[in-house]
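Spelled out from the first residue to the last, the chains are:
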Amino acid sequence: MTTFSKNDLLTDDHITPIDFESIDGFPESHSWPQFDESLNKIQTHDLKDSLIPVIDLASPNAKTLISQACGTWGVFQVVNHGVPFELVKKVESESRRLFALTTQEKCKVLRSVDGATGYGSPKLSPFFDKRMWHEGFTIMGSCVDDAKVLWPHEYQRFCDTMDAYQNQMKQLIHNLLLMILEPLDVTQEEMNWAIPAHDSQSVLQLNSYPSCPNPSQAVGLASHTDSLLLTILNQCGIDGLEIFVEGLGWRRVQSVEGAFVVNVGDLLHIFSNARFPAVTHRAMVNQSEHRISVAYFHGPPAESRVAPSSKFQKPGFKSLPVKEYLSLKYKHFFEALSLVRT
Ligand SMILES: C=C1C[C@]23C[C@@]1(O)CC[C@H]2[C@@]12CCC[C@@](C)(C(=O)O1)[C@H]2[C@@H]3C(=O)O
Ligand SMILES: O=C(O)CCC(=O)C(=O)O
Ligand SMILES: [Fe+2]
């Protein structure tokens, strides 16, 4: 597959999703080359085993299990996380309400070429020569401006739900990062850099994958690693997330009722001096159901620097400003991590 640098290719085409409402048949623009069958066989055969640990946060050995999962897979699922079930359901139904709007309505809040928030195709789109079976809505902090455009009289319910969910995610990220970083024995200053604070970065991404007439040739969200420290994903009850495991290929992460998937991003990979892998993952689509997923990304202040923790004697990565790393990633998507290795 040919890859491109965003600067070479960014056009409105990479921001405006196809009109899923009126689409007839399966367009060539969305038809990806056939995947390697041998990798798919392993995945289908072992679909029922749960490779990725499901960790009960209320259990006394949660910290040890999280540490092991971060070191082995860079991903795990959590239950008993304290986020109210009703809120999780509300986020899903408000997301469905948003994506059920007409394409014309959704495009009123289309992400701008330089912007980060609003409706549109995922930011990674320009790096692939095929289009994804996906539409998204990106929120950073308050979404009131966009929501007022979408629902001039009924925006409050959407905003209150998204605000409450972001607060819950912040709390959960705080608890998880304490458990993940304490065993690394990082300094207090480093811990304060990583955990949520007034200037940390957070993004709430609502993903929509409409049912697809030809799922075996489509990709929902193409293979990537998340860029920030940690991501919390809700698959909303419909499978589709797959992780790439060296030697095994693509493996499905089964959706577990009430569980969140937590994964390590590039910045935590750097900070852990590669002790924790930034898991490569993708989302696949299906023919019968419109899949929704909700991802919350957390990162340190954009103005701060990222480097391996001072606890590591031999840092494997350069120190650089977080915002420089993010701009490098969106110029050289696939090479970003190797470009910052020492
Ligand atoms: C901070 C960010 C993470 C993200 C890029 C962004 O600027 C805002 C959207 C995020 C998202 C969501 C869908 C998948 C992803 C790879 C993408 O294309 O946009 C992530 C980005 C990321 O982790 O790099
Ligand atoms: O929808 C999914 O299962 C994956 C979403 C994802 O990887 C993302 O939003 O970064
Ligand atoms: Fe992701």
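Above this text you will find the structure in question.
Keep in mind that this is a model prediction, so the values were computed, not measured.

This paragraph deals with the coordination of the iron ion (ligand 3). Protein-derived ligands of the iron ion (ligand 3) are H224 (NE2), D226 (OD) and H281 (NE2), with the metal-ligand distances lying across 2.1 to 2.2 Å. Written as a sequence motif, the donor arrangement for the iron ion (ligand 3) is H-x1-D-x54-H. The burial state of H224 is the same as that of D226; both residues are buried.

Lining the immediate environment of ligand 1, one finds P122, K123, L124, V203, Q205, H224, D226, S227, L228, F297 and Y330. K123 places a main-chain nitrogen or oxygen 3.1 Å from an oxygen atom of ligand 1. Y330 is positioned such that a nitrogen or oxygen atom in its side chain is 2.6 Å from an oxygen atom of ligand 1. Protein chains bury 94% of the 460 Å² of accessible surface belonging to ligand 1 in isolation.

One open sheet holds the eight strands; their spatial order is β1-β2-β10-β7-β12-β5-β4-β3, and the pairing between them is mixed. Both edges of this open sheet fall to β1 (54-56) and β3 (118-120), since each of them pairs with a single strand only. Shown here is a sheet whose adjacent strand axes are inclined to one another by a mean of 25°, direction ignored. The pairing of strand β7 (residues 230-234) with strand β12 (residues 291-299) spans five bridges and is antiparallel.

What follows is about helix α10 (residues 322-329). By the burial criterion, the buried members of α10 are V322, Y325, L326 and K329. Along α10, the residues classed as buried sweep out an arc of 95° about the axis, all on the same side.

In the region of ligand 2, 13 residues are neighbours, and N207, Y209, H281, R291 and S293 sit closest. Separating an oxygen atom of ligand 2 from a side-chain N or O atom of H224 is a distance of 3.3 Å. If ligand 2 stood free it would expose 300 Å²; the protein chains cover 95% of that surface. At four residues, β12 tops the list of elements feeding residues into the shell around ligand 2. Residues belonging to the shell around ligand 2 are distributed by class as follows: seven nonpolar, four polar and two charged.

Taken as a whole, this structure holds 12 aromatic pairs when the rule is applied. Arranged with centres 5.8 Å apart and planes meeting at 45°, the rings of W32 and F128 form a pair that is tilted. With W32 in the loop between α1 (6-9) and α2 (37-45) and F128 in the loop between β3 and β4 (135-139), the pair connects residues that are 96 residues apart, well separated along the chain. Consider the rings of F128 and F334, whose centres lie 5.4 Å apart with planes at 85°: the pair is edge-to-face. Taken together, the residues span a long stretch of sequence, with F128 in the loop between β3 and β4 and F334 in the loop between α10 and α11 (336-339) at a distance of 206 residues. Through successive ring pairs, a cluster of aromatic residues spans W32, F127, F128, Y330, F333 and F334. Across from the ring centre of Y330, 4.2 Å away, lies the NZ or CZ of K123, which sits over that ring.

For any two helices packed against each other, one specifies the crossing angle of their axes together with the interaxial distance. At a closest axis distance of 8 Å, the pairing of helix α3 (residues 62-72) and helix α7 (residues 156-181) adopts a crossing angle of 75°. In terms of orientation, α3 and α7 fall into the roughly perpendicular class. Contact residues: α3 offers A62, K63, I66 and C70, while α7 offers L176, M179 and I180. Residue classes in the contact of α3 with α7 are distributed as six nonpolar, no polar and one charged.

Our next topic: the nonpolar core. Grouped together as the largest cluster of nonpolar side chains are 82 residues, with contacts concentrated most on F76, F158, L176 and L181. When near neighbours in sequence (up to four residues on either side) are disregarded, F76 contacts I52, P53, I55, I66, A69, C70, L176, I180, F260, V261 and V262. Counting residues in each nonpolar core, the second largest holds 17 residues, with F20, F128, A218 and A222 among its members.

Here we come to the side chain of R282. By the secondary structure assignment, R282 is in strand β11 (residues 281-283). Using a relative accessible area of 6% as the deciding quantity, one classes R282 as buried. Looking at R282, its side chain comes within polar contact range of the side chain of E242, at 2.8 Å.

Further remarks concern unusual backbone geometry. Note on backbone geometry: most residues besides glycine have negative phi, and most peptide bonds are trans. The phi torsion at N80 lies on the positive side, around 55°, for a residue other than glycine. Note that N80 resides in the loop between β2 (75-79) and α4 (85-99). One non-glycine residue, D185, lies in positive phi territory at about 60°.

Within β7, five of the five residues are buried, which leaves it mostly tucked inside the rest of the structure. Side chains L230, I232 and N234 project from β7 onto one buried face, and the interleaved T231 and L233 project onto a second face that is buried too. Relative to strand β10 (residues 260-264), β7 runs antiparallel, the two sharing four bridges. Counterpart to L233 in the pairing with β10 is V261.

Calculation notes
Residues numbered from 1 in each chain as written. Chains lettered and ligands numbered in written order. Predicted model: local features only at pLDDT ≥ 70, side-chain atom pairs only at ≥ 80, totals over all residues. Heavy atoms only, no water. Donors = N, O, S within 2.8 Å, 3.2 Å for Na, K, Ca; no water. Buried < 20%, exposed > 50% of the residue type's maximum accessible area, 1.4 Å probe, protein only. Near = heavy atom within 4 Å. Polar contact = N/O pair within 3.5 Å; in protein donor to acceptor, adjacent residues only side chain to side chain. Areas by Shrake-Rupley, 256 points an atom, 1.4 Å probe, with all protein chains shown as cover. Pairing = 2+ DSSP bridges. Helix = DSSP H or I, 4+ residues; strand = E, 2+ residues; numbered from the N terminus. Axes fitted to C-alpha atoms, helices over the stretch in contact; angles between N-to-C directions. Arc of directions from axis to C-beta. Nonpolar A, V, L, I, M, F, W, Y, C, P; charged D, E, K, R; others polar. Phe/Tyr/Trp six-rings, centres within 6.5 Å; stacked < 30°, edge-to-face > 60°. Lys NZ or Arg CZ within 6 Å of the ring centre and 35° of its normal. Parallel < 35°, antiparallel > 145°, perpendicular 65-115°, else oblique. Contact = heavy atoms within 4.5 Å. Core = buried A, V, L, I, M, F, W, Y, C linked by side-chain atoms within 4.5 Å.

Interpretation note: all reported values are geometric properties and have no functional meaning in isolation.
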